[in-house]
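A closer look at the structure
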Amino acid sequence: MKGFGQYILFLGSTVVRMESFKTNYRLVLEECVQIGLKSVALVALVSSFMGAVTTVQTAYNMVSPLIPRYVISQVVREMTILELAPTIIAVIFAGKVGSSMAGGLGTMRITEQIDALEVMGINSASYLVFPKIIASLLMYPMLVVVAGASSLIAGYLVGNITGIITPTDYIYGIRFYFDDYSITFAMIKSFVFAFLISSISSFKGYYTQGGALEVGIATTAAVTTSVIAVLSADYLLAQLLYVR
Amino acid sequence: MLKVNNISKSFGGRTVIEDISGEFDKGKTNLIIGSSGTGKSVLLKCIVGLITPDEGNVYYDLRNFTDADKEMKAEIRREIGMLFQGGALFDSKNVEQNVMFPLEILAKMSPDEKLDRVNFCLKRVGLENVNKKMPSEISGGMKKRVGIARAIVNNPNYLFCDEPNSGLDPQTSIVIDDLIGEITHEFDITTIVVTHDMNSVMGIGEKIMFLFKGRKLWEGSSADITHSNVTELDDFVFSNKVMQGLRKRT
Ligand SMILES: Nc1ncnc2c1ncn2[C@@H]1O[C@H](COP(=O)(O)OP(=O)(O)O)[C@@H](O)[C@H]1O
Ligand SMILES: [Mg+2]
């Protein structure tokens, strides 16, 4: 609970005594490259496998000839958009981006780079953390779109190559009873997860004390804490947003 | 001139520095000395405002920094340069960008003027043709030099150095010490150096404050340090082999 209070204060400190808009704009762009572009390939790779596996698994489990084949791609679509893309990507994002945020800030703390900023009169929390959170909010939804697309395309290719489902059926299933609320839902999730991962990881790194060992501990804590937060939020959002 | 009045600071009920007062002169290298864990760094951080003291005030040429409003704090900060233990260079920036950083934040200059100033400072600390190197590509001594260049780039009136010799070999230590001393005299800066290295004390110490377990036990010049009649200071001074030899001879 004390930690939670400190976290809230930390969030507050990132939006006071801020640098100019121009500086923040430049910092956000730099972070976008670090956070977003450098994760695209990994996200696309992982999601392609998810799409491919889901397609094969669903087909394998559908033994009844009475169920039309296009249900396969319908299942792949629902799984991808609702859970796999936003949530599994969250775990990858926490592992790759969250850990590097915590490690980077932790190193800056123990090597006194944060003190150096403060001596120059810069609010280090705002200067270092605010751009990371904004860049995550911008890039994470983009990564989720990439993930969704990769997953669906991989499903299409695998279904086609293995002969599990014809392209026509696959496309039909993808469009069958499509409720675009699931896209909205996925985007809401994306923003929440992006915020949780970037802010929790930054928080863990920013308050590192000690040496290299503690930076390692902070990095691990950043990943585990943000993954737990994401999964809890996933459940809460499902409760909140799905009861319509 | 910089003055501290009755500074105290405790962490979680444990007093780390207690009731320290003293003056640090302009154009001199003022030293804060004492063994590890006596609160030297905490005192320095109170002086530069990284830690708010529980009690007491810090005066920068009669301007009360501790109670200053936002504008006054910002004004004083523009006059401060600080060299940290490991250099504290920003990992993601190259040497030139590191040295230029305070100018980007604090100074109103054209890009050309900034670059000229950066190159002047790098040259002053003996570094040329390393502008594009990253901190991870240069040695510990060079990092300290870059740290000094960054600390003086904004023409500070006050320079603070925390253990400038830590992690350096004895020869490089002397070079860095001398550099700090020269710069202090050349630009008439009020310099405070925190150290536990007796070589620095004898080499560049002009005005020395000795801390022991968070209290100021002695103050004076390097000429007087060997006959202070303060037991704790003698223990500190003569824990060094060279100094022991010196005592035997005198
Ligand atoms: N932020 C802090 N929180 C709690 N204790 C601290 C903090 N900073 C320093 N201390 C404690 O204060 C004492 C003096 O530390 P320091 O000033 O770093 O010593 P040194 O004289 O070696 O520079 C140490 O025992 C250290 O553990
Ligand atoms: Mg220290």
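Each residue is numbered by its place in its chain's sequence as written, counting from 1. Whichever chain is written first is A, and whichever ligand is written first is 1; the rest continue in order. The model is predicted, so local features are restricted to residues of pLDDT at least 70 and side-chain atom pairs to those at 80 or more, both for listing and for counting; the totals for chains, interfaces and linings are taken over all residues. The basis for every side-chain value is the complete set of non-hydrogen atoms in the structure, without hydrogens or water.

Another point: the overall build of chain B. Counting secondary structure elements, chain B contains nine helices and 10 strands. Here the globule rule is a power law, 2.2 Å times the number of residues to the power 0.38, and the radius of gyration is based on C-alpha atoms. For 250 residues, the compact-globule estimate of 2.2 N^0.38 gives 18 Å, and chain B sits close to it at 18 Å. Seen along its three principal axes, the alpha-carbon backbone of chain B occupies a region of about 55 × 45 × 35 Å. Only protein chains enter the accessibility calculation, which uses a 1.4 Å probe. A residue is then buried if its area is under 20% of the maximum for its type, exposed if over 50%, and partly exposed in between. Taken across its 250 residues, chain B has 53% of its residues classed as buried. Within chain B, counting contacts between residues at least 6 apart in sequence, those at least 24 apart form 66% of the total. Accessible surface for chain B amounts to roughly 11,400 Å². Of this, 47% is attributable to carbon and sulfur atoms. Of the charged side chains in chain B, 32 are positive and 35 negative; the average position of the first set lies 3 Å away from that of the second. A run of H or I in DSSP becomes a helix once it reaches four residues, and a run of E becomes a strand once it reaches two; helices and strands are each numbered from the N terminus. Whether two residues touch is decided by their heavy atoms; if any such pair falls within 4.5 Å, the residues are in contact. A 1.4 Å probe and the Shrake-Rupley method give the accessible areas. Residues count as covered only by the protein chains that appear here. The charge count treats Lys and Arg as positive and Asp and Glu as negative. His and the chain ends do not count. Every charge is mapped onto a representative atom, which is NZ of Lys, CZ of Arg, CG of Asp or CD of Glu.

This part takes up the side chain of Asn 98 of chain B. Residue and element names in this part refer to chain B. Checked against the element boundaries, Asn 98 lands in helix 3 (residues 95-106). Under the relative-accessibility criterion, Asn 98 is labelled buried at 0%. With residues up to four places along the chain from it excluded, the contact list for Asn 98 reads Leu 89, Phe 90, Lys 93, Pro 135 and Arg 150.

Turning to the packing of aromatic side chains, a few remarks are in order. Ring pairs shown here join Phe, Tyr and Trp side chains whose ring centres sit within 6.5 Å, with only the six-membered ring taken for Trp; geometry is labelled stacked below 30 degrees between planes, edge-to-face above 60, and tilted in between. With the rule as written, the count across this model stands at 21 aromatic pairs over all chains. Ring geometry for Phe 10 of chain A and Tyr 206 of chain A: centres 5.3 Å apart, planes at 45 degrees, overall tilted. On the criterion of sequence distance, the pair formed by Phe 10 of chain A in helix 1 (residues 2-13) and Tyr 206 of chain A in helix 7 (residues 181-206) is long-range, its members being 196 residues apart. Note on Tyr 206 of chain A: relative accessible area 7%, which makes it buried. What links up through ring pairs into an aromatic cluster is the set Phe 4, Tyr 7, Phe 10, Phe 203, Tyr 206 and Tyr 207 of chain A. Whether a charge sits over a ring comes down to the Lys NZ or Arg CZ being within 6 Å of the ring centre and within 35 degrees of the ring normal. We note Lys 3 of chain B situated over the ring of Tyr 59 of chain B; from NZ or CZ to the ring centre the distance is 5.7 Å. Looking at Arg 150 of chain B, its charged tip hangs above the ring of Phe 90 of chain B, at a distance of 4.7 Å from the centre.

All names here are of chain B. If a single non-hydrogen atom of a residue is within 4 Å of a molecule or strand, that residue counts as near it. All residues in the neighbourhood of ligand 1 are listed as Phe 11, Arg 14, Val 16, Ser 35, Ser 36, Gly 37, Thr 38, Gly 39, Lys 40, Ser 41 and Val 42. Polar contact criterion, stated in full: a pair of N or O atoms within 3.5 Å, where within protein one must be able to donate a hydrogen and the other to accept it, and residues adjacent in sequence count only if both atoms are side-chain atoms. Taking Gly 37, its main chain carries an N or O atom lying 2.7 Å from an oxygen atom of ligand 1. Interatomic distance of 2.9 Å between a backbone N/O atom of Lys 40 and an oxygen atom of ligand 1. Top element by residues in the shell around ligand 1 is helix 1 (residues 40-48). It accounts for three residues. In the shell around ligand 1, the residues fall into three nonpolar, six polar and two charged. Any residue that is not Ala, Val, Leu, Ile, Met, Phe, Trp, Tyr, Cys, Pro, Asp, Glu, Lys or Arg is counted as polar, Gly included; the first ten are nonpolar and the last four charged.

A few words on helix 1 of chain A. Residue and element names in this part refer to chain A. To estimate the expected span of a helix, subtract one from its residue number and multiply by 1.5 Å. For helix 1, with 12 residues, the first-to-last C-alpha span of 17 Å sits near the 16 Å given by 1.5 Å per residue. Residues of helix 1 that are buried include every one of Tyr 7, Phe 10 and Leu 11, and no others. In an axial view of helix 1, the angular spread of the buried residues amounts to 100 degrees, which keeps them on one side of the axis. Pointing more than 90 degrees away from the buried face of helix 1 are the exposed residues Lys 2 and Leu 9. Directions pointing from the helix axis toward each C-beta atom define the arc.

A word on the interface of chain A and chain B. With 15 residues of chain A at the interface, the matching set in chain B holds 19 residues. A simple way to read buried area is as the amount of 1.4 Å-probe accessible surface that goes missing from two parts once joined, with both sides added. For the chain A and chain B pair, buried surface summed over both sides reaches about 1,400 Å², with 66% attributable to carbon and sulfur atoms. On the chain A side of the interface with chain B, the three residues burying the most area are Glu 112, Val 119 and Met 120 of chain A, jointly 44% of the side's total. Criterion for a salt bridge: a side-chain nitrogen of Lys or Arg within 4 Å of a carboxyl oxygen of Asp or Glu. If you look at where chain A meets chain B, you find one salt bridge. In this assembly, chain A and chain B are joined by five residue pairs in polar contact (both at pLDDT 80 or more). Where the side of chain A that touches chain B is concerned, the elements lending two or more residues are helix 3 (70-110) and helix 4 (113-119) of chain A. If you tally residues by element for the side of chain A that touches chain B, the top one is helix 4 of chain A, at six residues. Looking at side-chain class alone, the side of chain A that touches chain B contains seven nonpolar, four polar and four charged residues.

The next subject is the sheet that holds strand 4 (residues 55-60) of chain B. Think of it this way: DSSP has to see at least two bridges between two strands before they count as a pair. The four strands lie next to each other as 2-1-4-5 (chain B), forming an open sheet whose pairing is antiparallel. Strands at the two margins of the open sheet, each flanked by one partner only, are strand 2 (14-24) and strand 5 (63-64) of chain B.

The next point concerns the sheet that holds strand 10 (residues 215-220) of chain B. Working definition: the strands of a sheet are paired by backbone hydrogen bonds and lie parallel or antiparallel to each other. Residue and element names in this part refer to chain B. Spatial strand order, 6-7-8-3-9-10: six strands in an open sheet with mixed pairing. Sheet topology places strand 6 (80-83) and strand 10 at the edges, where each strand pairs with a single neighbour. Strand-to-strand twist in this sheet, taken as the mean axis angle between neighbours without regard to direction, amounts to 15 degrees. Here strand 3 (residues 29-33) runs beside strand 8 (residues 190-195); their pairing, made up of five bridges, is parallel. Looking at the pairing, Thr 29 lines up with Thr 191 of strand 8. Note on geometry: axes are C-alpha line fits, over the in-contact stretch for helices, and angles between N-to-C directions span 0 to 180 degrees.

Time to look at the pattern of salt bridges. Taken as a whole, this structure holds 18 salt bridges over all chains when the rule is applied. A salt bridge links Lys 132 of chain A to Glu 31 of chain A, with the nearest nitrogen and oxygen atoms 3.1 Å apart. Of this pair, Lys 132 of chain A sits in helix 5 (residues 124-162) while Glu 31 of chain A is found in helix 2 (residues 21-61), placing the two residues 101 residues apart along the sequence. Salt-bridge contacts for Lys 114 of chain B lead to Glu 104 of chain B; the nearest nitrogen and oxygen are separated by 3.5 Å. Here Glu 104 of chain B lies in helix 3 and Lys 114 of chain B lies in helix 4 (residues 111-124), a separation of 10 residues in the sequence. With relative accessibility at 11%, the residue Lys 114 of chain B sits in the buried group. In the salt-bridge network here, residues are joined through shared partners; they are Glu 83, Lys 189 and Asp 234 of chain A.

Time to look at the environment of Ile 35 of chain A. Residues and elements named next belong to chain A. Turning to its location among the elements, Ile 35 is positioned in helix 2. On the accessibility criterion, Ile 35 (3% relative accessible area) is buried. Sequence separation between Ile 35 and Met 101 is 66 residues, and the spatial gap between their C-alpha atoms is 9.3 Å. In this structure Ile 35 touches Phe 93, Val 97, Met 101, Lys 132, Ala 135, Ser 136, Met 139 and Leu 143, once residues within four positions along its chain are discounted.

Now for the packing of helix 7 of chain A against helix 8 (residues 212-242) of chain A. All names here are of chain A. Two elements in contact, helix 7 and helix 8, have axes separated by 9 Å at closest approach and are oriented at 150 degrees. Considered as vectors, helix 7 and helix 8 are oriented roughly antiparallel to each other. Helix 7 and helix 8 meet at a crossing whose hand is right-handed. Any angle that falls under 35 degrees is termed roughly parallel, while one over 145 is termed roughly antiparallel, one within 65 to 115 roughly perpendicular, and all others oblique. Less than a right angle of anticlockwise turn of the near helix away from the far helix marks a crossing as left-handed, whereas a clockwise turn marks it as right-handed.

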